[in-house]
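# Examination of the molecular architecture
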Amino acid sequence: MIVTEIFYGVKCDRCGELYEDGEHSFWNDESSVIENAYESEWRELKGKHYCEGCHEINEETDEIVVFADYPQHLKTLNSFIDRIVKGLSRKVFEYESDFQVKFKLYKYSRLEESEENYIKNLLGENFSSLEYEVGKYDSKSCIIKIKR
Ligand SMILES: [Zn+2]
């Protein structure tokens, strides 16, 4: 007998990061996922959800302040990466002078040459560098640096 079950996850409306608590990224019901995400400083505003890195709380008013939208080239890069890495984690780090997009490479140890070229063309003069990093248990990540 085949049983179908639905699981719930929450994704940041700004950076697209999927909430995970270290063990799971999907829960049996909506309230459990929201509750867990809140414990990790995720917040909801006008029906949208924002991860820890995409908002701050105004200490005087207690209001949620969502950071400025990503530039279009970064949004396009993120959706391209999400298509090629299919559900593996991708994170965006923001620094004063650049953004860094870091994601795991599962099947391949590096991107195809055509994918690298696509990324460089897409970012144009905002492209800074593309590097590979070997992490724990021989896992491989790709880090793309982008000028702001
Ligand atoms: Zn976010």
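Because the structure is predicted, anything quoted here is derived from the model rather than measured.

## Some words on the domain arrangement of the protein chain
One frequent convention defines the size of an interface as the accessible area lost when the parts assemble. Entries for the protein chain in the domain assignment read domain 1 (1–68) and domain 2 (72–147). The distance between the C-alpha centroids of domain 1 and domain 2 comes to 23 Å. Surface buried jointly by domain 1 and domain 2 totals about 430 Å² across both partners, of which 26% is contributed by carbon and sulfur atoms. Along the contact surface separating domain 1 from domain 2 lie two salt bridges. We note a salt bridge from Glu17 to Lys91, for which the minimum N-O separation is 3.1 Å. Summed over the shared surface of domain 1 and domain 2, the result is three residue pairs in polar contact (both at pLDDT 80 or more).

## Describing the coordination of the zinc ion
When a metal carries six donors in an octahedron, the ideal angles between them are 90 or 180 degrees, while four donors in a tetrahedron ideally lie at 109.5 degrees. Note on the zinc ion: its protein donors are Cys12 (SG), Cys15 (SG), Cys51 (SG) and Cys54 (SG). The metal-donor distances range over 2.3 Å. With four donor atoms in place around the zinc ion and angles of 106 to 116° between them, the coordination shape is tetrahedral. We note that the donor set of the zinc ion lies within a single chain, spaced as C-x2-C-x35-C-x2-C. Linking Cys12 in the segment before α1 (30–39) with Cys54 in the loop between β2 (48–50) and β3 (55–57), this pair joins segments that are 42 residues apart in sequence. Accessibility expressed as a relative area gives 4% for Cys12, which makes it buried. Residue Cys54 is classed as buried on the basis of its relative accessible area of 2%.

## Details of helix α3 (residues 113–123)
Every buried residue belonging to α3 is among Glu115, Glu116, Ile119 and Leu123, and all of these are buried. Relative to the axis of α3, the buried residues are bounded by an arc of 100° and lie together on one face. The exposed set on the far side of α3, more than 90 degrees from its buried face, consists of Glu113 and Asn121. Where the residues of α3 are buried, they touch α2 (72–85), β7 (127–134) and β8 (140–147). With its phi angle positive at about 55°, Gly124 sits one or two positions after the end of α3.

How each quantity is defined
Residues numbered from 1 in each chain as written. Predicted model: local features only at pLDDT ≥ 70, side-chain atom pairs only at ≥ 80, totals over all residues. Heavy atoms only, no water. Domains from an automatic or database assignment. Buried area = accessible area lost by both parts, 1.4 Å probe. Salt bridge = Lys/Arg side-chain N within 4 Å of Asp/Glu carboxyl O. Polar contact = N/O pair within 3.5 Å; in protein donor to acceptor, adjacent residues only side chain to side chain. Donors = N, O, S within 2.8 Å, 3.2 Å for Na, K, Ca; no water. Tetrahedral: all angles 85-135°; square planar, octahedral: opposite > 155°, others 65-115°. Helix = DSSP H or I, 4+ residues; strand = E, 2+ residues; numbered from the N terminus. Buried < 20%, exposed > 50% of the residue type's maximum accessible area, 1.4 Å probe, protein only. Arc of directions from axis to C-beta. Contact = heavy atoms within 4.5 Å.

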